[in-house]
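# Tertiary structure, described
Listed here are the chains, written in short residue letters.
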Amino acid sequence: MLVEPLNSVKDHKGYYLTDSNEGFDIIREVGSKNVKLLYDVYHQVHMGEDVMTRIEENLDLIAHYHIAGHPNRDDKIFETFDYPKVFELLKKHGVTSPIGVELFPKSIEDTCALLKKLQPFC
């Protein structure tokens, strides 16, 4: 089971779980190896989190990652946030958890261009 904090600033006004630290606390309280966090970088950047620190301090509690361009959940991933640093951090720690690209590109050409940009990190 994955717990996913979302942003309440732009996309999910009134949503309860917006802070990843609270999500990590819930997971620790549950105490099951079958409950982990889905860390959505897009949402946590909106919430003003120090993404790199949160990820590094909680690697054992994260089972899946989502990425998207900020602030518009588009294919401008490398123009709006330093995702290569996130990929480097995960590689440094030997993380093999899946990374989902959750966004709304304008065209298939934009999608293909983004996939080419992501290729060096695969």
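Look a little higher up for the structure.
Nothing here was measured: the structure is a model prediction, and the numbers come from that model.

## What about the nonpolar core?
One finds Y39, V41, I55, Y65 and I67 to be the most contacted residues of the largest nonpolar core, which totals 26 residues. Breaking this core down by element, the ones donating at least two residues are α1 (20-30), β2 (36-40), α2 (41-46), α3 (51-57), β3 (62-67), α5 (83-92) and α6 (108-118). Counting residues per element, this core draws most heavily on α5, at five residues. When neighbours within four sequence positions are excluded, I67 is seen to be in contact with V41, I77, Y83, F87, I99, G100, V101, E102 and L118.

## Thoughts on the sheet that holds strand β1 (residues 2-3)
Spatially, the four strands line up as an open sheet ordered β1-β2-β3-β4, and their pairing is parallel. Strand pairing shows two members of the sheet lacking a second neighbour, β1 and β4 (99-101), which therefore form its edges. Pairing geometry for β2 and β3, over four bridges, is parallel. The residue bridging L38 from the neighbouring strand is H64, located in β3. Contacts from α1 reach β1, β2 and β3, with the element oriented near 165 degrees to β2.

## Side note on the layout of surface pockets
Looking at the largest pocket, its volume works out to about 370 Å³. If you trace the largest pocket, you find 15 residues lining it, with F87, I99, L118, F121 and C122 closest to the centre. Elements supplying a minimum of two residues to the lining of the largest pocket: α5, β4 and α6. Partitioned by chemical class, the residues of the lining of the largest pocket number 11 nonpolar, two polar and two charged.

## Topic: the pairing of β2
Counting buried positions along β2 gives four out of five residues, so the element sits mostly inside the fold. Relative to β2, β1 runs parallel, the two being bridged by two bridges. Its bridge partner being in β2, L2 is matched across the sheet by K36. Taken together, β1, α1 and β2 constitute a β-α-β crossover, and its handedness is right-handed.

## Details of a nonpolar patch on the surface
A cluster of nonpolar residues, Y16, I26 and V30, forms a patch on the protein surface that exposes about 300 Å² of accessible area. By secondary structure assignment, the location of V30 is in helix α1. Judged by relative accessible area, which is 47%, V30 ranks as partly exposed.

## Details of the environment of V9
Note that V9 resides in the loop between β1 and α1. Residue V9 is classed as partly exposed on the basis of its relative accessible area of 45%. V9 sits 34 residues away from H43 along the chain, and the two C-alpha atoms are 8.9 Å apart.

Cut-offs and rules
- Residues numbered from 1 in each chain as written.
- Predicted model: local features only at pLDDT ≥ 70, side-chain atom pairs only at ≥ 80, totals over all residues.
- Heavy atoms only, no water.
- Core = buried A, V, L, I, M, F, W, Y, C linked by side-chain atoms within 4.5 Å.
- Buried < 20%, exposed > 50% of the residue type's maximum accessible area, 1.4 Å probe, protein only.
- Helix = DSSP H or I, 4+ residues; strand = E, 2+ residues; numbered from the N terminus.
- Contact = heavy atoms within 4.5 Å.
- Pairing = 2+ DSSP bridges.
- Axes fitted to C-alpha atoms, helices over the stretch in contact; angles between N-to-C directions.
- 1 Å grid on protein atoms, 1.4 Å probe; cavity = no way out; pocket = protein on both sides within 12 Å on 5 of 7 lines; lining within 4 Å.
- Points joined across faces, edges and corners; volume = space filled by probe spheres on them.
- Nonpolar A, V, L, I, M, F, W, Y, C, P; charged D, E, K, R; others polar.
- Right-handed = clockwise from strand over helix to strand, strands pointing away.
- Patch = residues over 30% accessible without salt bridge, like charges linked within 9 Å, V, L, I, M, F, W, Y side chains within 5 Å.
- Areas by Shrake-Rupley, 256 points an atom, 1.4 Å probe, with all protein chains shown as cover.
- Salt bridge = Lys/Arg side-chain N within 4 Å of Asp/Glu carboxyl O.

Everything listed here is a matter of geometry and, on its own, says nothing about what the molecule does.
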